[in-house]
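Single-letter residue listing:
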Amino acid sequence: METTDADTSARAGISDINVPAEPVKVKIKSSKKEYLSGGVLHTLSNGLKVVVKPEDTKDVIHWSLVLNGGYGHIEDLEVGEASYLSEFLDMCMIGGVQAESFMDGIRRMGMTLGVDVSHSCTILSGRTPDDGIEDLMRVLLTLADTFEPNEEFIKFRMECEPLAIAAAAGSLEDRISVIDSVMCPGYRYSIRKKGFDMDFIRKAETFYRGLFSKMNDGILVLVGDVDEKMLKQAVAKYAGLFRTSSRKATRPVVSYQPISGTVTLEKDGNENGVDMVMSAPVSLTADNRYLAEIASMCLQKNLSDIVTGRGLHVRIRQNCSFYPQERVSVMLSLREASVEGFAPGTSHREPMEALSAVRNLLKDMKAIELTETELSSYKALLKQMVRSRLQD
C-alpha cells in the first residue's frame with residue numbers, strides 16, 4: 001500500500017503528542033454497573049467517564065465520545081447554519097495537515113472517526129482495532145488540541161456551496177429538509193442548507209473550543225473486547241492531558257412548535273413523485289420506540305399492496321427524535337418505478353392520484369389487526385435490524 005507525504009504527516013501529528021515525563025496522574029476512581037447498556041461505568045479521578053460494554057465484535061472496538069453541547073447552545077446561529085456544524089472539522093487543519101489527510105492517516109491505522117452535532121450534544125464516533133485504545137486517545141487529543149480553520153479550503157468550499165445545494169435538489173435529504181422547514185416555519189435550527197460565511201466559521205470555532213475545554217462534561221463509550229490492562233495503561237498515560245472544567249453545559253431551551261393539521265404542497269425537481277410526513281409527539285419509552293418500528297413495517301407492507309400495478313414504488317422512513325421534543329415522524333415517499341418486466345399493460349400512474357388511496361388506508365390503519373404470524377414476523381425482523389445496527 002502506497003504511503004503519501006500527507007499520510008506520514010498525519011501519523012506524525014498523531015504520534016507526536018507531547019506526553020510529559022511526569023504525566024498528570026489520573027486513575028480509575030470508581031467503577032460500577034451501568035444498567036442502561038449493561039456495561040461498567042468507570043469514573044476517572046479528573047472527572048472523565050468511560051463506559052465499557054463487553055461484546056464479541058471480532059477484533060474491533062466501537063467507540064463514541066458524547067459531549068454535552070450542541071447547536072442549541074449557540075444563540076446567534078442564522079437559519080440553516082446548524083446543518084454545517086457537523087462538517088466544520090472537515091474544513092480545518094488537524095495535527096498540522098488538512099482534515100482529509102488526517103482522516104486518511106487514521107484510516108490507515110485501522111480507525112474511523114465521524115462527527116454528529118445535535119440540539120444538545122456532540123457525538124464523535126467510529127471504530128478502532130481492539131489493541132488501539134492508546135491510538136484512540138492520541139487521535140482525540142490531537143483533534144481537540146490542534147484543530148484550526150483552514151481558511152483557504154473554507155473559501156473554496158464557500159464558493160462551491162451554491163453548486164452543491166443545487167446538485168442536491170430533489171434528493172431524499174433535500175426533500176426531508178424542505179418538509180422540516182414547512183413543518184416548523186421560522187425554526188432557527190432547520191437542517192435545510194442555505195450556505196455559510198466566515199461569521200459562521202468564527203461561531204463554530206468558538207463552539208468547538210468550548211466543547212473540547214471540558215472533556216469531562218460527557219462520556220466515552222467503548223463496545224467490544226476491551227482489554228482492562230490496556231485501558232488502565234491508556235488512562236494513566238493520556239487521560240490527564242484532556243482539558244477539564246467545573247463548568248457544565250445545561251440543556252438549552254429551544255422554541256420548537258410544529259404546525260398541526262396543515263397540508264402544504266410544494267413542487268420542485270424533475271422526478272415525478274410525492275412525499276408525505278406524519279408527525280406526532282409521543283413519549284419515547286423503549287416499548288414505544290420499538291412499536292414505532294413495527295408500525296412502519298406494517299405500513300410498508302400495506303402501502304406496497306396499494307401501489308401494486310400502478311407503476312409506483314413506496315418507501316417508508318421512520319424517525320424518533322428525543323430533543324427538543326419527543327416525537328415520532330413517518331415519511332412516505334411515492335415514486336415512479338421502472339415498468340420493465342412488469343405485467344403487460346402496466347403503466348405509470350400519477351403519484352398524486354395514489355395519494356388518495358394512501359389516505360384512505362391511513363384512516364383505517366388503527367383498525368387493522370395483526371395475526372400472530374404477522375406479529376412474530378415483524379418481531380423477528382426488528383431483532384435482526386437491531387443486531388445489524390449494533391454491528392455497524
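To be clear, the structure that these remarks concern was listed above.
Since this is a predicted model, take the numbers as computed values, not measurements.

Asks: Hey, could you run me through the pattern of salt bridges in this one?
Replies: Summed over all chains, the structure comprises 16 salt bridges. Note that Asp145 is salt-bridged to Arg243, the shortest N-O span being 3.3 Å. Of the two residues, Asp145 is situated in helix 3 (residues 133-146) and Arg243 in the loop between helix 7 (228-238) and strand 11 (273-281); the sequence distance between them amounts to 98 residues. With a closest N to O distance of 3.2 Å, Glu148 and Arg209 form a salt bridge. Linking Glu148 in strand 9 (residues 148-149) with Arg209 in helix 6 (residues 198-212), this pair joins segments that are 61 residues apart in sequence. For Arg209, a relative accessible area of 30% translates into the label partly exposed.

Asks: Any chance you could explain unusual backbone geometry here in plain terms?
Replies: If a residue is not glycine, its phi is most likely negative; likewise, a peptide bond is most likely trans. At Lys58, a position not held by glycine, the phi torsion is positive, near 55°. Relative to the elements of secondary structure, Lys58 occurs in the loop between strand 3 (49-54) and strand 4 (60-68). Although it is not a glycine, Asp59 adopts a positive phi angle of roughly 70°. We classify Asp59 as exposed; its relative accessible area is 58%.

Asks: Would you explain the environment of Ser333 in this entry?
Replies: For Ser333, the position within the fold is in strand 13 (residues 327-336). For Ser333, a relative accessible area of 5% gives the class buried. Through-space distance from the C-alpha of Ser333 to that of Met276 is 6.6 Å; in sequence the pair is 57 residues apart.

Asks: Got a minute to help me understand the nonpolar core in this structure?
Replies: A general feature of soluble globular proteins is that nonpolar side chains tend to end up buried together. Within the largest apolar cluster, 59 residues are counted, with the highest numbers of intra-cluster contacts made by Trp63, Leu85, Leu89, Tyr208, Phe212 and Leu222. Considering each element in turn, this core owes the most residues, eight residues, to helix 3. Apart from the residues lying within four places of it in its own chain, the contact partners of Trp63 are Thr112, Leu113, Leu124, Ser125, Gly126, Arg127, Thr128, Leu136, Leu140, Leu220, Val221 and Leu222. Judged by nonpolar contacts, the second largest core, of 14 residues, contains Val274, Met276, Leu299 and Leu303.

Asks: Before we go on, may I ask you to explain the side chain of Ser213 in this structure?
Replies: Inspection of the secondary structure assignment puts Ser213 in the loop between helix 6 and strand 10 (218-224). In terms of polar contacts, Ser213 uses its side chain to reach the backbone carbonyl oxygen of Gly210, at 2.7 Å. Other than its neighbours up to four places away in sequence, Ser213 contacts Arg243, Thr244, Ser245 and Arg247.

Asks: What exactly am I supposed to notice about a negative patch on the surface here?
Replies: A cluster of acidic residues, Asp56, Asp59, Asp131, Asp225, Asp227 and Glu228, forms a negative patch on the protein surface. Along the chain, Asp227 turns up in the loop between strand 10 and helix 7. The exposure class of Asp227 is partly exposed, given its relative accessible area of 35%.

Asks: How do you make sense of helix 7 when you look at a structure like this?
Replies: Residues that lie three or four places apart on an α-helix share one face, since the helix turns once every 3.6 residues. When helix 7 is considered as a whole, its buried residues turn out to be Leu231, Ala234, Val235 and Tyr238. Summarising the axial view, the buried residues of helix 7 lie within an arc of 100°, below the 170-degree limit, and thus occupy one face.

Asks: Would you take a moment to explain the packing of helix 3 against helix 7 for this structure?
Replies: Each pair of packed helices can be described by the angle between their axes along with the distance between the axes. At their nearest, the axes of helix 3 and helix 7 sit 9 Å apart, and the two run at 30° to each other. As the angle between them shows, helix 3 and helix 7 are arranged roughly parallel. Crossing of helix 3 against helix 7: the hand is right-handed. Here helix 3 contributes Ile133, Glu134, Met137, Arg138 and Leu141 to the contact with helix 7, which in turn contributes Leu231, Gln233, Ala234, Lys237 and Tyr238. Across the contact of helix 3 with helix 7, the residue classes tally to six nonpolar, one polar and three charged.

Asks: Mind showing me how you'd approach the packing of aromatic side chains here?
Replies: Here the distance between the centres and the angle between the planes together describe a pair of aromatic rings. Evaluation of the coordinates by the stated rule reveals nine aromatic pairs. Members of the aromatic cluster, connected to one another through ring pairs, are Phe88, Phe147, Phe207, Tyr208 and Phe212. Above the face of the Phe147 ring, Arg209 is positioned so that its terminal group lies 4.4 Å from the ring centre.

Asks: Looking at this structure, I do not really get helix 6. What am I missing?
Replies: For helix 6, with 15 residues, the first-to-last C-alpha span of 21 Å sits near the 21 Å given by 1.5 Å per residue. Next to the buried residues of helix 6 lie strand 4, strand 7 (114-117), strand 8 (121-129), helix 3, strand 9 and helix 4 (151-167). One side-chain oxygen of the residue at the start of helix 6 lies 3.1 Å from the amide nitrogen of Asp199, identifying that residue as Asp197.

Asks: Help me understand the sheet that holds strand 7, please; the structure alone is not making it clear to me.
Replies: The pairing of strands in a sheet comes from backbone hydrogen bonds and takes either a parallel or an antiparallel form. Ordered by their spatial adjacency, seven strands build an open sheet running 1-2-3-10-4-8-7, and the pairing between neighbours is mixed. The sheet terminates laterally at strand 1 (28-34) and strand 7, the two strands that pair on one side only. Within this sheet the neighbouring strands show an average axis-to-axis angle of 20°, counted without direction. Bridging between strand 7 and strand 8 involves four bridges; their strand directions are antiparallel. The residue bridging Gly114 from the neighbouring strand is Ser125, located in strand 8. Along the sheet, helix 3 makes contact with strand 4, strand 8 and strand 10, crossing strand 4 at roughly 30°. On top of the sheet, helix 7 reaches strand 1, strand 2 (39-44), strand 3 and strand 10; it is set at about 25° to strand 2, its chief contact.

Rules behind the numbers
- Residues numbered from 1 in each chain as written.
- Predicted model: local features only at pLDDT ≥ 70, side-chain atom pairs only at ≥ 80, totals over all residues.
- Heavy atoms only, no water.
- Salt bridge = Lys/Arg side-chain N within 4 Å of Asp/Glu carboxyl O.
- Helix = DSSP H or I, 4+ residues; strand = E, 2+ residues; numbered from the N terminus.
- Buried < 20%, exposed > 50% of the residue type's maximum accessible area, 1.4 Å probe, protein only.
- Core = buried A, V, L, I, M, F, W, Y, C linked by side-chain atoms within 4.5 Å.
- Contact = heavy atoms within 4.5 Å.
- Polar contact = N/O pair within 3.5 Å; in protein donor to acceptor, adjacent residues only side chain to side chain.
- Patch = residues over 30% accessible without salt bridge, like charges linked within 9 Å, V, L, I, M, F, W, Y side chains within 5 Å.
- Areas by Shrake-Rupley, 256 points an atom, 1.4 Å probe, with all protein chains shown as cover.
- Lys, Arg positive; Asp, Glu negative; His and termini not counted.
- Charge placed at Lys NZ, Arg CZ, Asp CG, Glu CD.
- Arc of directions from axis to C-beta.
- Axes fitted to C-alpha atoms, helices over the stretch in contact; angles between N-to-C directions.
- Parallel < 35°, antiparallel > 145°, perpendicular 65-115°, else oblique.
- Left-handed = near helix turned anticlockwise from the far one by under 90°.
- Nonpolar A, V, L, I, M, F, W, Y, C, P; charged D, E, K, R; others polar.
- Phe/Tyr/Trp six-rings, centres within 6.5 Å; stacked < 30°, edge-to-face > 60°.
- Lys NZ or Arg CZ within 6 Å of the ring centre and 35° of its normal.
- Expected span 1.5 Å × (residues − 1).
- Pairing = 2+ DSSP bridges.

Honestly, that's just the spatial picture; any functional story needs more than this.
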